[in-house]
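Examining the three-dimensional arrangement
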Amino acid sequence: MTDHDKKEHCGVFGIYGHREAAKITYLGLYALQHRGEESAGIAVSDGKQIHLHKGMGLVGEVFNEENMERLPGRIAIGHTRYSTTGSSLPKNAQPLVVNYSRGTMALAHNGNLVNVSRLHDELEAYGSIFQTTTDSEIVLHMMARPQCTSREQALSETVKLLEGAYSFVFLTENQLMGVRDPLGFRPLCLGKLNKAYVLASETCALDLIHAKFIREVEPGEIIIIDEKGIRSIFPMGKSIRRAYCIFEHVYFSRPDSRVFGENVQVVREKLGRRLAIEHPAQADLVIPIPDSGNAAALGYSHQSEIPFAHGLIRNHYIGRTFIQPSQEIRDLNVKVKFNPLKDVIKGKRLVVVDDSIVRGTTCRNRVRSLREAGAKEIHMRISCPPIRHPCFYGIDFPTRRELIAQTHTIEEIRKFVEVDTLGYLSLEGMLSCVAASQEYCTACYSGEYRTKVPSEGDKYSLERTHGEGGVAEKA
Ligand code: SF4
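Since the structure is predicted, the reported quantities are computational estimates derived from the model, not experimental observations.

Looking at the overall build of the chain
Regarding its fold elements, the chain presents 18 helices and 23 strands. Taken over 475 residues, the chain has a buried fraction of 60%. Relative to all contacts within the chain whose residues are 6 or more apart in sequence, the contacts with residues 24 or more apart total 70%. Looking at the chain as shown, the accessible area adds up to about 18300 Å², and 51% of this sits on carbon and sulfur atoms.

Focus: the site of the ligand
Taken together, the residues surrounding the ligand are Phe-185, Arg-186, Cys-245, Ile-246, Phe-247, Cys-391, Tyr-393, Ile-395, Phe-397, Cys-441, Ala-443 and Cys-444. Taking a 2 Å distance to the grid points as the criterion, the majority of the atoms of the ligand fall inside the largest cavity. Within the residue set of the shell around the ligand, elements represented by two or more residues are α8 (246–252) and α17 (443–446). Of the residues in the shell around the ligand, the class split is eleven nonpolar, no polar and one charged.

Brief notes about the side chain of Glu-202
The topology assignment puts Glu-202 in the loop between β10 (196–200) and α7 (203–208). By relative accessible area, which is 0% here, Glu-202 ends up buried. A polar contact of 2.8 Å, which involves the side chain of Glu-202, links it to the side chain of His-34.

What about the packing of helix α9 (residues 264–278) against helix α10 (residues 294–304)?
It is at 6 Å that the axes of α9 and α10 come closest, and there the two elements cross at 45°. Taken together, the axis directions place α9 and α10 in an arrangement best described as oblique. Crossing of α9 over α10 shows right-handed handedness. Of α10, the residues touching α9 (which contributes Gln-265, Arg-268, Glu-269, Gly-272, Arg-273, Leu-275, Ala-276 and Ile-277) are Ala-295, Ala-296, Leu-298, Gly-299, Tyr-300, His-302, Gln-303 and Ser-304. Of the residues that constitute the contact of α9 with α10, the class distribution is seven nonpolar, six polar and three charged.

Notes on the nonpolar core
If you look at the biggest cluster of nonpolar residues, it comprises 73 residues, and the most contacted ones within it are Phe-247, Val-250, Leu-370, Tyr-393 and Tyr-445. Shared between two domains, this core takes at least three residues from each, and those domains are domain 1 (10–243 + 460–466) and domain 2 (268–437). Other than its neighbours up to four places away in sequence, Tyr-393 contacts Gly-111, Asn-112, Val-114, Gly-164, Ala-165, Phe-185, Arg-186, Cys-441, Tyr-449, Arg-450, Thr-451 and Val-453. Formed by 27 residues, the second largest nonpolar core is a distinct cluster that contains Leu-29, Ala-31, Ala-200 and Leu-206.

Section: the pairing of strand β7 (residues 164–172)
Most of β7 sits inside the fold, with nine of its nine residues counted as buried. Where strand β6 (residues 103–113) meets β7, nine bridges bridge the pair, whose relative direction is antiparallel. If you follow Met-105 over to β7, its bridge partner there is Thr-172. Strand direction decides the pairing type here: β7 and strand β8 (residues 176–180), joined by five bridges, are antiparallel. Bridging across to β8, Phe-170 finds its partner in Met-177. Between the end of β7 and the start of β8, which pair antiparallel, lie three residues.

Describing the packing of aromatic side chains
In this structure the tally under the stated criterion is 13 aromatic pairs. Taken together, a centroid distance of 4.9 Å and an interplanar angle of 20° make the contact between Tyr-166 and Phe-168 stacked. On the basis of relative accessibility, which here comes to 0%, the residue Tyr-166 falls in the buried class. Grouping aromatic residues by their ring pairs yields a cluster made of Phe-185, Phe-392, Tyr-393 and Tyr-449. Across the ring face of Phe-416, the terminal group of Arg-364 is positioned such that the distance to the ring centre comes to 4.2 Å.

Comments concerning unusual backbone geometry
Peptide bonds are mostly trans, and most non-glycine residues show a negative phi. The residue after Gln-94, namely Pro-95, is reached through a cis peptide bond having omega 5°. By secondary structure assignment, the location of Pro-95 is in the loop between β4 (75–81) and β5 (96–100). Looking along the chain, the bond that leaves Pro-290 and enters Asp-291 is cis, with omega of -10°. Mapped onto the elements of the fold, Asp-291 is located in the loop between β17 (285–288) and α10. With a phi angle near 65°, His-210 is a residue other than glycine that sits in the positive phi range.

Some words on the pairing of strand β3 (residues 50–56)
For a regular strand, the rule is simple: side chains alternate between the two faces of the sheet. Both strand β2 (residues 39–45) and β3 contribute to a ladder of seven bridges, which runs antiparallel. Looking at the pairing, Ser-45 lines up with Ile-50 of β3. Once β2 ends, the chain turns through four residues before running back antiparallel as β3, passing Gly-47 with a positive phi of about 100°.

Some words on the pattern of salt bridges
Pairing between side chains becomes possible if they bear opposite charge and their charged atoms approach one another. One pass over the structure, following the stated rule, counts 23 salt bridges. The closest approach of N and O atoms between Arg-118 and Glu-122, which form a salt bridge, is 3.3 Å. Of this pair, Arg-118 and Glu-122 both sit in helix α4 (residues 116–125), four residues apart, which is roughly one turn of the helix. Residue classification places Arg-118 among the partly exposed residues on the basis of a relative accessible area of 44%. The partner of Arg-314 in a salt bridge is Asp-291, with the nearest N and O atoms 2.9 Å apart. Within this pair, whereas Arg-314 is found in strand β18 (residues 312–314), its partner Asp-291 is found in the loop between β17 and α10, the two being separated by 23 residues in sequence. Looking at Asp-291, the relative accessible area reads 33%, which means it is partly exposed. What you see here is one network of salt bridges that share partners, running through Arg-35, Arg-186, Glu-202 and Glu-248.

A few points about empty space enclosed by the protein
Within this structure, the stated rule accounts for six cavities of 30 Å³ or more. Taken as a whole, the largest cavity holds about 90 Å³ of empty space. Lining the largest cavity we find 13 residues, and of these Cys-245, Cys-391, Tyr-393, Cys-441 and Cys-444 sit closest to its centre. Put simply, the parts of the chain that give the lining of the largest cavity at least two residues each are α8 and α17. Across the lining of the largest cavity, the residue classes break down as twelve nonpolar, no polar and one charged.

The rules we used
- Residues numbered from 1 in each chain as written.
- Predicted model: local features only at pLDDT ≥ 70, side-chain atom pairs only at ≥ 80, totals over all residues.
- Heavy atoms only, no water.
- Helix = DSSP H or I, 4+ residues; strand = E, 2+ residues; numbered from the N terminus.
- Buried < 20%, exposed > 50% of the residue type's maximum accessible area, 1.4 Å probe, protein only.
- Contact = heavy atoms within 4.5 Å.
- Areas by Shrake-Rupley, 256 points an atom, 1.4 Å probe, with all protein chains shown as cover.
- Near = heavy atom within 4 Å.
- 1 Å grid on protein atoms, 1.4 Å probe; cavity = no way out; pocket = protein on both sides within 12 Å on 5 of 7 lines; lining within 4 Å.
- Sits in = over half its atoms within 2 Å of the grid points.
- Nonpolar A, V, L, I, M, F, W, Y, C, P; charged D, E, K, R; others polar.
- Polar contact = N/O pair within 3.5 Å; in protein donor to acceptor, adjacent residues only side chain to side chain.
- Axes fitted to C-alpha atoms, helices over the stretch in contact; angles between N-to-C directions.
- Parallel < 35°, antiparallel > 145°, perpendicular 65-115°, else oblique.
- Left-handed = near helix turned anticlockwise from the far one by under 90°.
- Core = buried A, V, L, I, M, F, W, Y, C linked by side-chain atoms within 4.5 Å.
- Domains from an automatic or database assignment.
- Pairing = 2+ DSSP bridges.
- Phe/Tyr/Trp six-rings, centres within 6.5 Å; stacked < 30°, edge-to-face > 60°.
- Lys NZ or Arg CZ within 6 Å of the ring centre and 35° of its normal.
- Salt bridge = Lys/Arg side-chain N within 4 Å of Asp/Glu carboxyl O.
- Points joined across faces, edges and corners; volume = space filled by probe spheres on them.

Structure below.
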């Protein structure tokens, strides 16, 4: 899968009790860049007020020495974003910061709320005026309601009303808080850097700053870190139901991260091994679609004993040229992103491993360029089942109609992408590669959603019905 098919969602980071909180957050965001490339931001508290800098672009583009100097303080949160709800607009960049009767607070969100439409209408009926078109802003409005006596209580009451996927980090003048939804769709971990506490979407962010991993934030848990230390509450009680996003292992998370208790690279290699058992091929080489297919291709190669090779070279430096994901730009993107290694693949029978096929057009373009480079046969292998259903929990798949597996049989897809054979990993096969298989969400493959979900729309639907100030509900 590539940028053409879908985008990353978001990465969040937080730190409490470090004299260079903003700089550490900046480094943490570098490690989470893969989770969102559209915008980045850091909010930091100096104990009295919250300072903010955010903008469109990659972390390295948004921040420089000068604006980092204007972020003093010992508590910070940060965010890398791709728009899973709301348009890709500067006003939607996070963290979101609000001033209200009890002071100032900032929020960074990874995930997607499924009941935003109702919450939005209720809040608007009581006079809320929205500044952004993100679902995250709703949470701040709910937190600011006057009947709560403390922020802790406000947060506890707010999360009881939210449905869907969320891993939040909150910043107040003197607190850092982290929250994970009761089903645990998105990862969030807790670490320690000397005396400072750290929260991050993925453990690779802890590694980069040399923080020690303590544990994952539990589903349904709120962690509060302030001058009294660290404490945790479960406002909805401890839930035993889980819905970890299996796609974090298949594609999203970085291979050097541990998510949901397992290393991503190890899981991906298992997916590749299982794929080789389910869909063997007579071939000379196994090549990945880089980078997301690398680990599964390695697993396939080990299991099948067909040599592994790099047959496509990825250009890593084109990302920011194409900010607007329009169809025309996507097509260009496809052509400039990978270059086939002719000397490696010419005259060879190839097993090509990728993590998914979404619309099919990207895959077909890759196949065509491999053929032009002289590949004799192409056996496409996909390290997860066909994606047939939309994700309501923060992954930006296209609508149902655009998903090729929704409208085509596997044989039709094979013909469409112009390969000699096509094999998808089975649902059982995929789940056999993770330890707690019953705890995973697989809704985009199976259609079995673990929460109520909105009817089909798209992520801009509320912008259309409520105008630009509305909050979008994603399909
Ligand atoms: S629907 Fe798919 S992508 Fe979305 S949370 Fe579930 S497994 Fe992950």
